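Residue strings, one per chain:
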Amino acid sequence: MSNLSKKSFLNSPFRSIKHTNYFHAYDHFFSKYRNEEITFVEIGVLAGGSLFMWRDFFGPKARIIGIDVHPNAKKWEAEGFEIFIGSQSDESFWSDFKKKVNNIDIVLDDGGHTYEQQIVTVESLLEAMNDNGIIVTEDTNTSYEVNYGPVSYSFINYVKNRIDAVNRRFKFKPDCLQQGLSNNNNEKRFYSIEIVDSMVAFKINREASYSESEVIDNEGKDDLVSHINYGEDFTKPMFRLPQIIFWLLKLFPFYKSAVRFTKEAISKKNFSAKKYFK
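The text that follows walks through the structure, step by step, so that each part is easy to find. Since we're looking at a predicted model, the values are computed, not measured.

**As for the packing of helix α1 (residues 4-11) against helix α2 (residues 22-30)**
Link 1 in the chain: Packing of α1 against α2 brings their axes to within 7 Å, and their N-to-C directions diverge by 115°. One finds that α1 runs roughly perpendicular with respect to α2. The residues of α2 that touch α1, namely those facing Leu4, Ser5, Lys6 and Phe9, are Phe23, Tyr26 and Asp27.
Link 2 in the chain: Counted by class, the contact of α1 with α2 contains 4 nonpolar, 1 polar and 2 charged residues.

**Regarding α1**
Link 1 in the chain: Within α1, the full set of buried residues consists of Leu4, Ser5, Ser8 and Phe9. Down the axis of α1, the buried side of the element spans an arc of 140°, and every buried residue falls inside it. Exposed side of α1, more than 90 degrees from the buried face: Lys7, Leu10 and Asn11 are the residues found there.
Link 2 in the chain: Looking at the packing, one finds that the buried side of α1 touches α2 and α3 (49-58).

**Re the pairing of strand β2 (residues 63-68)**
Link 1 in the chain: In terms of burial, β2 is a largely internal element, 5 of the 6 residues being buried.
Link 2 in the chain: For strand β1 (residues 39-43) and β2, the ladder comprises 5 bridges, and the chain directions are parallel. The residue bridging Val41 from the neighbouring strand is Ile65, located in β2.
Link 3 in the chain: One crossover worth recording links β1 to the parallel β2 by way of α3, and it is right-handed.
Link 4 in the chain: Sheet topology note: the β2/strand β3 (residues 82-85) ladder contains 4 bridges and is parallel. Bridge assignment links Ile67 to a residue of β3, and that residue is Phe84.

**Section: the packing of α1 against α3**
Link 1 in the chain: For the pair α1 and α3, interaxial distance at closest approach is 8 Å and the crossing angle is 130°. When the axes of α1 and α3 are compared, the pair comes out oblique. Here α1 and α3 pass one another in a crossing that is right-handed. Only Met53, Asp56 and Phe57 of α3 make contact with α1, whose side of the interface consists of Leu4, Ser5, Ser8, Phe9 and Asn11.
Link 2 in the chain: When the residues that make up the contact of α1 with α3 are grouped by side-chain class, the tally is 4 nonpolar, 3 polar and 1 charged.

**Some thoughts on the pattern of salt bridges**
Link 1 in the chain: Considering all chains together, one arrives at 11 salt bridges under this definition.
Link 2 in the chain: Between Glu127 and Lys98 there is a salt bridge; the shortest N-O distance is 2.6 Å. Of this pair, Glu127 sits in the loop between α5 (115-125) and β5 (129-138) while Lys98 sits in helix α4 (residues 91-100), placing them 29 residues apart in sequence.
Link 3 in the chain: Note on Glu127: relative accessible area 63%, which makes it exposed.

**Let's talk about the sheet that holds strand β4 (residues 104-109)**
Link 1 in the chain: The strand order across the open sheet built from 7 strands is β3-β2-β1-β4-β5-β7-β6, with neighbouring strands paired in mixed fashion. At either margin of the open sheet sits one strand with a lone partner, and together these are β3 and β6 (192-196). Each strand axis lies, on average, 15° off the axis of its neighbour in the sheet, ignoring direction.
Link 2 in the chain: With 5 bridges joining them, β5 and strand β7 (residues 199-203) adopt antiparallel strand pairing. Note on β7: the bridge partner recorded for Thr137 is Val200.
Link 3 in the chain: This element, α5, spans β1, β4, β5 and β7 of the sheet and lies at about 180° to β5.

**Notes on a negative patch on the surface**
Link 1 in the chain: Among the surface-exposed residues, Asp217, Glu219, Asp222 and Asp223 lie close enough to one another that they form a single negatively charged patch.
Link 2 in the chain: Within the secondary structure layout, Glu219 lies in the loop between α7 (206-209) and α8 (243-249).
Link 3 in the chain: Its relative accessible area of 72% is what places Glu219 among the exposed residues.

Rules of the game
Residues numbered from 1 in each chain as written. Predicted model: local features only at pLDDT ≥ 70, side-chain atom pairs only at ≥ 80, totals over all residues. Heavy atoms only, no water. Axes fitted to C-alpha atoms, helices over the stretch in contact; angles between N-to-C directions. Helix = DSSP H or I, 4+ residues; strand = E, 2+ residues; numbered from the N terminus. Parallel < 35°, antiparallel > 145°, perpendicular 65-115°, else oblique. Contact = heavy atoms within 4.5 Å. Nonpolar A, V, L, I, M, F, W, Y, C, P; charged D, E, K, R; others polar. Buried < 20%, exposed > 50% of the residue type's maximum accessible area, 1.4 Å probe, protein only. Arc of directions from axis to C-beta. Pairing = 2+ DSSP bridges. Right-handed = clockwise from strand over helix to strand, strands pointing away. Left-handed = near helix turned anticlockwise from the far one by under 90°. Salt bridge = Lys/Arg side-chain N within 4 Å of Asp/Glu carboxyl O. Patch = residues over 30% accessible without salt bridge, like charges linked within 9 Å, V, L, I, M, F, W, Y side chains within 5 Å. Areas by Shrake-Rupley, 256 points an atom, 1.4 Å probe, with all protein chains shown as cover. Lys, Arg positive; Asp, Glu negative; His and termini not counted. Charge placed at Lys NZ, Arg CZ, Asp CG, Glu CD.

Put into structure tokens, the structure is as follows:
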């Protein structure tokens, strides 16, 4: 099954440009959709070669749709492809597009690669995706390059934000959450994010996304071993003070904030895995 997409790439009669390491990712993400009745949307048509590549790869049952900002791309309609002309950073374009095309199985964003284009495309198309569909944004290496947008709003920073939102599905107890975090604004429009070299895939599985996180016990035989405390407290030595001092400190309104700040500072100092964050 390996290199199927590369074979299709080489079979295309028109020019297409790819990175050699992308073919492994294409096979990994898209092979299960081959020879199925799917709707595939590619952003960035260029010389048309990739349209023929994907027709060859997915087979005759696939509906292949191309999107490009250049009106010249319309010529590929004569070859049986559906072509839409518009800017992927224009939300109104996507609104009009979704009136004509919905129930999408695969989106491959190989467009302009700016942060705004990539983010707006994902946000605009998530609601149009079929269950078990996938959105793949490629050339995400631009998040580490200049001239693609404000670095603080890079596509990869957006992805990190979405990862946090996925993890907020967990039912945290309020007293366990870090300061400033809540269970609100969790992400359920897609189930998971997968990252490979210069690509990010958003995978849709709505049943899994909306499943509730509950503790369950299989009621098997218990060996009665006590639970290990994984939340090691690095600050215990500091708080070996007479209880009366804590009672007095609690009278001050900033007590909780001061304790939290102090514990964080001490835990950072004693944290042995800092070297892995370089």
